[in-house]
Amino acid sequence: MPQFTLIQDIKEILLCSTMPLPFLKGEAMSALPSCKNSYLIIEDGKIHSFGSMNDIPNLRFEKIVSANNGYIFPSWVDSHTHLVFAAWREQEFMDRIEGLSYEEISRRGGGILNSAKKIAEISESELYDISYTRLQKLIKSGTGAIEIKSGYGLSVESELKILRVIKRLKENSPIPIKSTFLGAHSFPLEYRSNHSGYVDLIIHEMLPEIAKQSLADYCDVFCEKNFFSVEETREILLVAQKYGLDSRIHTNQFTHSGGIPLSVEINAKSVDHLEELNSEEIKLLKESNVIPCLLPGAAFFMNCPFPPATNMLAEGLGFCIATDFNPGTCPIWEMKTIYHLSVIKMRLNSHQALSAMTINGAHALDLGNQCGSIFPSAKANFIITHEVPSLAYLAYAINDHWISKVFVNGQEL
Ligand code: NIG
Ligand code: FE
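All values reported here derive from a predicted model rather than from experimental measurement. (Residues numbered from 1 in each chain as written. Chains lettered and ligands numbered in written order. Predicted model: local features only at pLDDT ≥ 70, side-chain atom pairs only at ≥ 80, totals over all residues. Heavy atoms only, no water.)

What follows is about the overall build of the protein. Scanning the protein from N- to C-terminus turns up 15 helices and 16 strands. On C-alpha atoms alone, the protein measures out to a radius of gyration of 21 Å, which is about the 22 Å that the 2.2 N^0.38 rule sets for 413 residues. Taken along its principal axes, the extent of the C-alpha atoms in the protein is 70 × 45 × 40 Å. The 413 residues of the protein split such that 59% are buried. (Helix = DSSP H or I, 4+ residues; strand = E, 2+ residues; numbered from the N terminus. Rg over C-alpha atoms; globule rule 2.2 N^0.38 Å. Buried < 20%, exposed > 50% of the residue type's maximum accessible area, 1.4 Å probe, protein only.)

The next thing to look at is the packing of aromatic side chains. Tallying each qualifying case throughout the model produces 17 aromatic pairs. Ring centres 5.5 Å apart and planes at 80° place the aromatic pair Phe85 and Phe325 in the edge-to-face group. Taken together, the residues Phe85 in the loop between β6 (76-78) and α1 (90-97) and Phe325 in the loop between β13 (320-321) and α12 (335-346) connect sequence positions 240 residues apart. Judged by centre distance (4.4 Å) and plane angle (40°), the rings of Phe222 and Phe227 are tilted. Phe227 shares its class with Phe222; the two are buried. Ring pairs connect the aromatic residues Phe73, Trp76, Tyr339 and Trp402, which therefore count as one cluster. Above the plane of the ring of Tyr218 lies Arg248, whose end atom (NZ or CZ) is 4.4 Å from the centre. (Phe/Tyr/Trp six-rings, centres within 6.5 Å; stacked < 30°, edge-to-face > 60°. Lys NZ or Arg CZ within 6 Å of the ring centre and 35° of its normal.)

To continue, consider the pairing of strand β12 (residues 291-294). Of the two faces of β12, both are covered, the one formed by Ile291 and Cys293 as well as the one formed by Pro292 and Leu294. In the sheet, strand β11 (residues 270-273) pairs with β12 via four bridges, with the strands oriented parallel. Residue His273 lies in a different strand from β12, and its bridge partner there is Leu294. Crossover connection from β11 via helix α9 (residues 279-286) to parallel β12: handedness right-handed. Where β12 and β13 come together, two bridges link them in parallel fashion. Across the sheet, residue Cys293 finds its bridge partner in β13, namely Cys320. (Pairing = 2+ DSSP bridges. Right-handed = clockwise from strand over helix to strand, strands pointing away.)

You can read the domains of the protein as domain 1 (4-74 + 373-412) and domain 2 (77-364). Using only C-alpha atoms to locate each centre, domain 1 and domain 2 end up separated by 30 Å. A per-residue breakdown of the area domain 1 buries against domain 2 is headed by Phe23, Met29 and Ala395, which together make up 27% of the total. Inspection of the region where domain 1 meets domain 2 yields zero salt bridges. At the junction of domain 1 and domain 2, the tally comes to 13 residue pairs in polar contact (both at pLDDT 80 or more). Ranked by residues supplied to the side of domain 1 that touches domain 2, first place goes to helix α15 (residues 391-396) with four residues. Of the residues in the side of domain 1 that touches domain 2, the class split is 21 nonpolar, five polar and three charged. (Domains from an automatic or database assignment. Buried area = accessible area lost by both parts, 1.4 Å probe. Salt bridge = Lys/Arg side-chain N within 4 Å of Asp/Glu carboxyl O. Polar contact = N/O pair within 3.5 Å; in protein donor to acceptor, adjacent residues only side chain to side chain. Nonpolar A, V, L, I, M, F, W, Y, C, P; charged D, E, K, R; others polar.)

It is worth spelling out the pattern of salt bridges at this point. By the definition in use, this model includes nine salt bridges. Glu147 is the salt-bridge partner of Lys149, the closest N and O atoms lying 2.7 Å from each other. The exposure class assigned to Lys149 is buried, which follows from its relative accessible area of 0%. Across the pair Asp220 and Lys149 runs a salt bridge whose closest N-O atoms are separated by 2.8 Å.

Neighbouring ligand 1 are 15 residues; Tyr102, Tyr152, His185, Gln253 and Thr329 lie closest to it. One of the side-chain nitrogen or oxygen atoms of Gln253 is found 2.6 Å away from a nitrogen atom of ligand 1. Within the side chain of Thr329, an N or O atom sits 2.6 Å from an oxygen atom of ligand 1. Across the complex, the protein chains shield 100% of the 330 Å² of accessible surface that ligand 1 would expose by itself. Classifying every residue of the shell around ligand 1 by side-chain character gives four nonpolar, nine polar and two charged. (Near = heavy atom within 4 Å. Areas by Shrake-Rupley, 256 points an atom, 1.4 Å probe, with all protein chains shown as cover.)

Between its first and last C-alpha atoms helix α7 (residues 230-242) spans 18 Å; for 13 residues at 1.5 Å apiece the expected length is 18 Å, and the two agree. All buried positions along α7 are accounted for by Val230, Glu232, Thr233, Ile236, Leu237 and Ala240. End-on view of α7: buried residues confined to an arc of 160°, all on one side of the axis. Those residues of α7 that are exposed and angled more than 90 degrees off the buried face are Glu231 and Lys242. At its buried positions, α7 is contacted by β8 (177-184), α6 (195-212), β9 (218-223), β10 (246-251) and α8 (259-265). Positive backbone phi, approximately 90°, marks Gly244, located one or two places after α7. (Expected span 1.5 Å × (residues − 1). Arc of directions from axis to C-beta. Contact = heavy atoms within 4.5 Å.)

A few words on the side chain of Asn381. Of note, Asn381 is situated in the loop between α14 (359-364) and β14 (382-385). Polar side-chain contacts of Asn381 include one of 2.7 Å to the backbone nitrogen of Asn409. Among residues more than four places away in sequence, those in contact with Asn381 are Pro74, Ser75, Gly144, Ile175, Pro176, Phe407, Val408 and Asn409.

So, on to the sheet that holds β11. To summarise the sheet geometry, strands pair through backbone hydrogen bonds and adopt either a parallel or an antiparallel arrangement. With parallel pairing, eight strands are arranged side by side in an open sheet as β6-β7-β8-β9-β10-β11-β12-β13. Every interior strand has two partners, whereas the edge strands, β6 and β13, have only one. Against the sheet, helix α4 (residues 124-140) makes contact with β6, β7 (143-149) and β8, and its axis sits at roughly 145° relative to β7, the strand it touches most. The sheet strands contacting α12 are β6, β7, β12 and β13, and the helix crosses β6 at an angle near 85°. (Axes fitted to C-alpha atoms, helices over the stretch in contact; angles between N-to-C directions.)

Spelled out as structure tokens, the structure:
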């Protein structure tokens with residue numbers, strides 16, 4: 001017997017359709033399909049149907065929930081995180097506040113190398129436990145699908161350790177998780193003057209083992225001055241593609257590092273960061289299928305310029321927005337905070353930011369056919385807000401806890 005739950009008295013369901021929504025670009029990011037004064041029915045963890053309050057179908061409901069005139073929208077899709085790390089890095093934060101740059105800290109063996117040292121020391125089971133606790137917190141805050149990267153290992157053993165932890169999280173998580181191998185996050189100290197040696201280690205030892213054990217869905221490289229060059233990035237990502245791992249690139253965080261033309265050349269799934277992005281790079285992206293992923297939490301936390309989101313929209317480009325949750329450049333794990341930052345610092349309207357953080361994030365993770373929008377057969381992962389005056393209020397009321405209920409697989413948390 002199917003189990004039906006009815007949610008009634010909904011002010012408006014946003015991002016709903018009879019079919020999964022496509023990736024939204026330009027103006028389409030402000031014109032979200034919606035259904036006012038509505039009901040929503042869940043059947044066994046999936047969306048069954050939705051419609052106007054006057055047309056509730058005659059079914060036997062196991063449970064009836066009132067939305068109390070709140071909005072419903074799909075759960076956040078966080079398409080870029082480094083959630084599996086061993087320790088926070090608050091001391092480096094203080095060092096930066098006192099004037100040291102990210103590069104200086106990194107040159108001294110801090111930054112990513114500091115995180116790698118901590119990963120080498122922690123046991124796999126403890127790493128799993130603290131990561132699982134973090135994931136639970138994220139899910140409670142409304143994140144309904146997530147990407148998690150390795151990249152704090154930087155040795156065969158430690159990278160595999162992180163990827164096994166992500167695999168276990170996948171097995172035990174109620175929300176979809178995509179796993180990304182980011183061995184090319186930084187050069188470990190012992191390869192400082194032997195970059196090709198580390199690239200060889202990634203290509204000949206890490207990637208074959210990761211592919212053999214099916215430990216990743218994507219491969220990512222930090223393509224940036226003082227990190228991986230365009231040539232090194234290309235070499236790694238093309239080998240990863242041969243193993244079936246689509247490409248993502250951390251690029252243009254601090255400089256125009258060449259990652260954008262490369263992403264188009266190799267047909268990457270996403271290019272992430274883009275604090276530095278000029279009009280030529282915007283045009284290149286526009287003519288491709290590469291999904292730009294903006295990370296305003298990192299720009300905020302690092303006091304960097306914000307990605308030129310409105311210029312991108314004006315050119316008709318679409319993008320997703322994610323947390324970049326990590327211990328170095330963005331300790332923010334809550335998508336709601338990122339939503340507010342997106343509106344205030346990148347001058348997006350409430351609809352644009354919402355579509356970037358739901359449907360577009362889902363497409364960036366190849367999950368558009370199960371989450372990111374509300375359609376019959378979608379995963380019933382969604383957020384119900386308290387009764388608020390308008391959608392604009394959601395963007396505006398920064399410290400108002402306007403999330404009333406979070407549903408995951410049809411269950412209220
Ligand atoms: O996305 N930019 C590179 N990687 C991470 C931060 C790494 C770290 O400092 O731990 C990021 O910002
Ligand atoms: Fe990142």
